[in-house]
Structures are given as C-alpha cells and as structure tokens.
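So you can see what is in the structure, the chains are spelled out below.
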Amino acid sequence: MKVFRGLPNDAARAPCALTIGNFDGVHRGHQALLARVRAASQALGLEAAVMTFEPHPREYFARRSGDLSRAPARIANLRDKLEDLAQAGIDRVIVEHFNEQFASISPQDFIERVLVDGLHVKWLMVGDDFCFGAKRAGTVAMLMEAGREYGFHVETLPTVREGEQRISSSAVRAALAAGDLQATNALLGHPYAMSGHVIHGAKLGRTLGFPTLNLRVAHRPALQGIFVVQVHGLAEQPLPAVASLGVRPTVEDAGHMLLEVHIFDYDRPCYGKLVRVEFLEKLRDEEKYVDLDTLTAAIHRDAEQARAWFATHTPRHDPRSPARAGALTATDRI
C-alpha cells in the first residue's frame, strides 16, 4: 500500500475508486465501506484509495478554540490506522494535513483541485451524511452533480448496524471508555491493540522491581487504566504482561500520556523495536498514591491479578502480524 502525505505529485497520480473519512479504529462499519470500495476498484480496473486526515478535524477545531475537551479521544494512532487500511486491501492512502488552509477550501475547489485534478477520482463512496469544504457546506447532492459534470460516479453507504446498535467510532470510544473490551472487539471485528516503537523511560519500574517497556502515546487515548495485555513482536508467541496506560500521577504531574508494559519473566533489551500491545482485560482505573511504597504494592497486586487471569484464560489468536509496516510503501511525500 502506498501512503502519501498530501496529494500525490503528477507522476504518482492514478485513476482511483475513493472513499473519504477519518477511519478512527477502522471498525466493522468502516470495513463494510472499504470492501465496497475494493470491489468497485477491481470491477473498474482502478486503484482502491482512501483520503483521511491528520489531525482529526474535530481535534483541529478544538485546538483552535482552545478547548481540547471538544477533541475526540483517539481509538488508534496513525500507524495502526494505516495498517488496518492495508489489511482491508486498500492500494493507496492520502493523509491530508488538516489545517487552516485545508479547512477553508470551498466545496467547489475541493471537488476540482482535490478530487478531479489531485486524485483523478472515477468512483467515490461516502457516508449518507457526508459533508465537506469550508463550514461543511458541501453535500452529497453537490458531489453527485459534480460527478455528472466531471465524469465520476458517486455512491453512499448508510450507517452499518447490528440489530439496534449503530457501529461507529463513537460506539467504539464509548466501549473503550467503559473498559468493555469484549464490546470493543465486537465492534472492531478484531482484538483492540496499540502499536509503537519501544522508547527509553525513566527506569523507575526497574527500580521498583517491575521493569517496563514504554510506548509514547501522542494523543488522548479512548481508554485509560491498568490492563491485562499480551505483547506481540518480541517472540514467536505473544508474551503475557500487565500494563498501565495513563499519565502516571504518582510520579509526575506533566500530564504526558504513556503506555508502560511489564512483561512477565522477560528481561531482554527491546528499545527501538516495533511491538503491538493487545488489551485483554481492564483491571482498574489509574490512581494517584501517597508514596512509591504504596504504588509498588499496587503494582504487585496488579501483576498478581494479571497472572491469575492468564492462569484461567487462553487469549484467542490474533492473526494480524505484530509489525505490518512491510505492507506500506512510503512515497516521496511522506
């Protein structure tokens, strides 16, 4: 899969079947849409393409207003989103930097400069409530009229439901916020996980007798707390572990989000390695303790609970590889 930061240059442009959206989490509703795009691309001899945005448009407007509470919590980082899109069979992804310039583009300019000239769209699928352009003034009806003028076909996909439940990123965020990983996995169609490169930390865990591998979390995640997890990418089989995802209130007050993972009976160097941390069960919320001794006792209880969980559960096999970066091809724009 080719990944472009912004519109491809002239040499890299190719007629495509396209869909547009944030695709946070690439849940089962997204997967149904992507399957339709892939089927259309194969039938028409086109490349299957996705345009997505970084940051999330609502995050951009929240930052601009100075009220970050209005920004949606993230289900997935960009790497995981791209890997899920590759898994869905998409040929190319355009990651558009959502900024003031892009937010102010008129609907007509978006159609002409982005869809027609920039991406050579021949077939387009959007949600039935899709809006685009400055002040969300562009509508599906406007796209259909433009399609007749510029020669591309437009289809809409209604909201995907399972019974009475709407499958959406909002539903996934709600399940994660509640710590309901079973409901989360049902909405996603696969186990919930985060991937990243292992970074150096403060080494406090090692001092306390619980060495951790650390993953930086750049955005506010949709879940926080203490979890039973397993780690892919360091051995042939996933490794059992306990993890903390939060701001570590006992040891610092900077508010930096970090994923700290203590792998049981494992003490090998892994800095710089790309791993995937799969969340299996939430144990509790993050807490602030009065001192390090109290924190250490809590970590010990968490580790014992996690070991007990593994003694009575066999996590199902997740067929996705731990580090699927090989499925992505960076272009001269990424």
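Everything quoted here is computed from the prediction, not taken from an experiment.

A. View of the pairing of strand β14 (residues 274-284). Summarising burial for β14: 8 of the 11 residues are buried, a large majority. Pairing between strand β9 (residues 193-199) and β14: 5 bridges, direction antiparallel. Among the inter-strand pairings, Met194 is bridged to a residue of β14, identified as Val277. Here 7 bridges tie strand β11 (residues 225-232) to β14, and the two strands are oriented antiparallel to one another. Across the sheet, the residue bridging to Ile226 is Arg284, located in β14.

B. Representation of the packing of aromatic side chains. Going through the model one piece at a time under the given rule, you end up with 13 aromatic pairs. With centroids separated by 5.7 Å and ring planes inclined at 55°, the aromatic side chains of Phe53 and Phe102 adopt a geometry described as tilted. Linking Phe53 in strand β3 (residues 47-54) with Phe102 in helix α4 (residues 100-103), this pair joins segments that are 49 residues apart in sequence. Comparing Phe53 with Phe102, the two get one shared label, buried. Here the aromatic rings of Tyr60 and Phe98 are separated by 5.5 Å at their centres, their planes lie at 70°, and the arrangement is edge-to-face. Separated by 38 residues along the polypeptide, Tyr60 in helix α2 (residues 57-65) and Phe98 in the loop between β4 (92-97) and α4 bring together distant segments of the chain. Of the residues examined, Tyr60 reaches a relative accessible area of 13% and is grouped as buried.

C. Expanded view of the sheet that holds β14. Strand order in the closed barrel formed by 6 strands is β9-β10-β13-β12-β11-β14, and the pairing between neighbours is antiparallel. The average undirected angle you get between the axes of adjacent strands in this sheet is 40°. Relative to strand β10 (residues 213-216), β9 runs antiparallel, the two sharing 2 bridges. Each residue of the ladder has a partner; that of Ile199, found in β10, is Asn214. The sheet strands contacting helix α3 (residues 78-87) are β9 and β14, and the helix crosses β9 at an angle near 130°.

D. Local environment of unusual backbone geometry. Following Glu54, the chain continues to Pro55 via a peptide bond in cis, the omega torsion being 0°. Secondary-structure assignment places Pro55 in the loop between β3 and α2. Phi at Arg136 is positive, roughly 55°, even though this residue is not glycine. Assignment of secondary structure puts Arg136 in the loop between β5 (121-127) and α6 (140-150).

E. Structural context of the pattern of salt bridges. What the rule picks out here adds up to 13 salt bridges. Across the pair Lys282 and Asp285 runs a salt bridge, and its minimum N-O distance is 2.6 Å.

F. Representation of α3. Most of α3 is tucked away, with 8 of its 10 residues classed as buried. Residues of α3 that are buried in the fold lie against β1 (2-5), α1 (28-44), β3, β4 and β9. Two or three places before Arg79, at the start of α3, stands the capping residue Asn77, its side-chain oxygen 3.2 Å from that residue's backbone nitrogen. A positive backbone phi angle near 90° is found at Gly89, which sits one or two residues after α3.

G. Looking closely at the nonpolar core. One finds Leu259, Val261 and Phe279 to be the most contacted residues of the largest nonpolar core, which totals 35 residues. Sorting the residues of this core by element identifies α7 (169-177), α8 (181-188), β9, β10, β11, β12 (239-246), β13 (258-263) and β14 as the ones contributing at least two each. Those residues in contact with Val261 that sit more than four places away from it in its chain are Pro211, Thr212, Leu213, Val229, Val231, Ala241, Val242, Ala243 and Val277. Phe4, Ala103, Ile105 and Ala146 belong to the second largest nonpolar core, which has 28 residues in total.

H. Layout of the side chain of Ser41. Tracing the sequence through the fold places Ser41 in helix α1. According to the relative accessible area criterion, Ser41 is buried, its value standing at 3%. If we ignore the near neighbours within four places in the chain, the residues touching Ser41 are Ala17, Leu46, Glu47 and Ala48.

I. Region of interest: the side chain of Arg173. As for its placement among the helices and strands, Arg173 is situated in helix α7. There is a polar contact of 3.1 Å between the side chain of Arg173 and the side chain of Asp24. Those residues in contact with Arg173, other than ones at most four positions away along the chain, are Asp24, His56, Arg58, Pro72, Ala73, Ile75 and Ala222.

J. Representation of α6. Of all the residues in α6, the buried ones are Val140, Leu143, Ala146 and Gly147. The buried residues of α6 all sit within an arc of 115° when viewed along its axis, so they share a single face. The outward face of α6, more than 90 degrees from its buried face, is lined by the exposed residues Ala141, Arg148 and Glu149. As for α6, its buried residues are in contact with α5 (107-118), β5 and β6 (153-157). Just past α6, the residue Gly151 takes up positive phi, approximately 85°.

The rules behind each value
Residues numbered from 1 in each chain as written. Predicted model: local features only at pLDDT ≥ 70, side-chain atom pairs only at ≥ 80, totals over all residues. Heavy atoms only, no water. Buried < 20%, exposed > 50% of the residue type's maximum accessible area, 1.4 Å probe, protein only. Helix = DSSP H or I, 4+ residues; strand = E, 2+ residues; numbered from the N terminus. Pairing = 2+ DSSP bridges. Phe/Tyr/Trp six-rings, centres within 6.5 Å; stacked < 30°, edge-to-face > 60°. Axes fitted to C-alpha atoms, helices over the stretch in contact; angles between N-to-C directions. Contact = heavy atoms within 4.5 Å. Salt bridge = Lys/Arg side-chain N within 4 Å of Asp/Glu carboxyl O. Polar contact = N/O pair within 3.5 Å; in protein donor to acceptor, adjacent residues only side chain to side chain. Core = buried A, V, L, I, M, F, W, Y, C linked by side-chain atoms within 4.5 Å. Arc of directions from axis to C-beta.

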